Amino acid sequence: MSEHDPTIFDAILAGDIPCHRVYEDDHVLAFLDINPLSRGHVLVIPKERARFMHELSEESAAALGRVLPKLCKAVMAATGCEHYNLLQNNGAPAHQAVFHVHVHIIPKFEDDSGLCIEWDSGSLEDSEHLTQAIREAIT
Ligand code: 5GP
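Predicted model only: the values in this text are computed from it and were never measured.

> Mind laying out the sheet that holds strand β2 (residues 28–32), listing which residues take part and the relevant values?
Spatial strand order, β1-β2-β3-β5-β4: five strands in an open sheet with antiparallel pairing. A strand with exactly one partner marks an edge of an open sheet, and here the two such strands are β1 (21–24) and β4 (83–87). Averaged over all neighbouring strand pairs, the angle between strand axes comes to 20°, with direction disregarded. Note: strand β3 (residues 42–46) against strand β5 (residues 103–108), three bridges, orientation antiparallel. The residue of β5 that forms the bridge with Leu 43 is His 104.

Structure, rendered in structure tokens:
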């Protein structure tokens with residue numbers, strides 16, 4: 001399947017395949033992940049079809065950002081988790097499997113269930129040039 005094909009999330013949005021909907025408004029749908037990393041793993045998706053975050057309209061991005069805090073609070077209240085990760089993958093090498101923008105809300109529990117990350121950090125190099133390059137690339 002190519003990055004440009006319709007995805008399973010189109011079928012979910014259309015109601016053609018079922019999901020456990022926890023939230024919906026004009027721009028956003030949130031539902032339980034079918035293969036959760038932990039109890040309460042939720043996916044939050046824009047209704048706009050966009051593969052990657054950088055392709056999403058400002059309106060949909062704003063709508064996503066607006067609902068995330070209250071959805072995180074609801075997941076915390078429902079599961080009792082005190083900690084959680086937000087994960088948003090873009091591109092197959094970055095572990096994206098479904099090419100429709102989505103934000104994972106993944107509770108992290110005492111038993112360590114949730115997202116496991118190996119954080120292989122480096123040191124900051126070329127910072128002046130890099131800062132300038134990014135600043136100039138913002139459109
Ligand atoms: P990605 O790796 O693209 O960031 O994550 C895609 C997520 O979508 C995975 O966590 C996977 O379990 C979830 N997913 C894939 N297909 C379905 C489906 O049909 N229903 C639901 N609820 N989740 C799905």
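What follows picks up the thread again.
> I'd like a rundown of the side chain of Asp 33, residues and numbers included.
With respect to the element layout, Asp 33 can be found in the loop between β2 and β3. Look at Asp 33: it is buried, it has no salt bridge, and the nearest opposite charge is Arg 39 at 14 Å. Side-chain polar atoms of Asp 33 contact the backbone nitrogen of Asn 35, separated by 2.8 Å. Apart from the residues lying within four places of it in its own chain, the contact partners of Asp 33 are His 41, Val 42, Leu 43 and His 104.

Quick notes on the rules
Every chain is numbered on its own, with residues counted from 1 as its sequence reads. Reporting of local features is limited, given that this is a predicted model, to residues whose pLDDT is at least 70; pairs of side-chain atoms are given and counted only at 80 or more, and all residues count toward the totals for whole chains, interfaces and linings. Side-chain metrics in this entry use all non-hydrogen atoms of the structure; hydrogen atoms and water are not considered. DSSP bridges decide pairing: two strands pair if at least two such bridges lie between them. Helix and strand definitions follow DSSP, with helices as H or I runs of at least four residues and strands as E runs of at least two, each counted in order from the N terminus. In this description, a line fitted to the C-alpha atoms serves as the axis of each element, helices being fitted only across the stretch in contact, and the angle between N-to-C directions of two axes falls anywhere from 0 to 180 degrees. For each residue, the accessible area found with a 1.4 Å probe, counting protein chains only, is set against the maximum for its type, and the residue is called buried under 20%, exposed over 50%, and partly exposed in between. The charge count includes Lys and Arg as positive and Asp and Glu as negative, but it does not include His or the ends of the chains. Salt bridges are defined by distance alone: a side-chain nitrogen of Lys or Arg within 4 Å of a carboxyl oxygen of Asp or Glu. Polar contacts, as counted here, are pairs of nitrogen or oxygen atoms within 3.5 Å of one another; within protein the pair requires one atom able to donate a hydrogen and one able to accept it, and residues that are adjacent in sequence qualify only if both atoms are side-chain atoms. Only heavy atoms matter for contacts: two residues are in contact if any of them lie within 4.5 Å across the pair.

Nothing here speaks to function; it is all geometry.
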